[in-house]
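Structural characterization, general
The chain contents come next:
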Amino acid sequence: QVQLVESGGGLVQPGGSLRLSCAASGSIFSMYVMGWYRQAPGKQRELVATISSGGSTNYADFVKGRFTISRDNAKNTVYLQMNSLKPEDTAIYYCKQYQITRAYWGQGTQVTVSS
């Protein structure tokens, strides 16, 4: 059974940084594309970034140059380093694992950017 557990969210001031982690279990982590999504109140869930099994990355335009996705296959963990945070980055951040026949989601971690 695949489980994804996010951590690292919290309250941060504008311009600050946070690093989110997503620990995976129950699958061969290194085989799969991993992604981070976010959902703000009243809005649809949107893609933030993805990273392939080989380490290739893709970012939404609104986070390019500010966020960095990475993975540690030895620790079965994907990270999202978030710098220069803005109030509009406030959302619940979700981790996603893309498998061939389905995808798995974590429970999410709240990120609030406010002074």
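The coordinates are above.
Described in the following lines is the structure provided in the data block. Just so we're clear, the structure is a prediction, and the values are computed from it rather than from any experiment.

**So, the nonpolar core**
Ranked by internal contacts, the top residues of the largest apolar core, which has 29 residues, are Trp36, Val78, Leu80, Met82 and Tyr93. Among the secondary structure elements, those contributing two or more residues to this core are β3 (18-25), β4 (33-39), β5 (46-51), β7 (67-72), β8 (77-82), β9 (91-98) and β11 (109-113). For this core, the element with the highest residue contribution is β3, accounting for four residues. Discounting chain neighbours no more than four positions away, the residues touching Met82 are Gly16, Ser17, Leu18, Leu20, Arg66, Phe67, Tyr93 and Val111.

**Brief notes about the sheet that holds strand β1 (residues 3-7)**
In space, the four strands of this open sheet follow the order β1-β3-β8-β7, with antiparallel pairing throughout. Both edges of this open sheet fall to β1 and β7, since each of them pairs with a single strand only. Going from strand to strand, the sheet's axes swing by 15° on average, the running direction of each strand aside. One ladder, built from five bridges, connects β1 with β3; its direction is antiparallel. Among the inter-strand pairings, Glu6 is bridged to a residue of β3, identified as Cys22.

**Thoughts on the pairing of β11**
Across the two faces of β11 the burial differs, with Thr109, Val111 and Val113 buried and Gln110 and Thr112 not buried at all. Note that β9 and β11 share three bridges and pair antiparallel. The residue bridging Ile92 from the neighbouring strand is Gln110, located in β11.

**Structural notes on the pattern of salt bridges**
Summed over the entire model, instances satisfying the criterion amount to four salt bridges. Across the salt bridge formed by Arg38 and Glu46, the nearest N and O atoms sit 2.8 Å from each other. Residue classification places Arg38 among the buried residues on the basis of a relative accessible area of 6%. Connected via shared salt-bridge partners are Arg38, Glu46, Arg66 and Asp89.

What counts and what doesn't
Residues numbered from 1 in each chain as written. Predicted model: local features only at pLDDT ≥ 70, side-chain atom pairs only at ≥ 80, totals over all residues. Heavy atoms only, no water. Core = buried A, V, L, I, M, F, W, Y, C linked by side-chain atoms within 4.5 Å. Buried < 20%, exposed > 50% of the residue type's maximum accessible area, 1.4 Å probe, protein only. Helix = DSSP H or I, 4+ residues; strand = E, 2+ residues; numbered from the N terminus. Contact = heavy atoms within 4.5 Å. Pairing = 2+ DSSP bridges. Axes fitted to C-alpha atoms, helices over the stretch in contact; angles between N-to-C directions. Salt bridge = Lys/Arg side-chain N within 4 Å of Asp/Glu carboxyl O.

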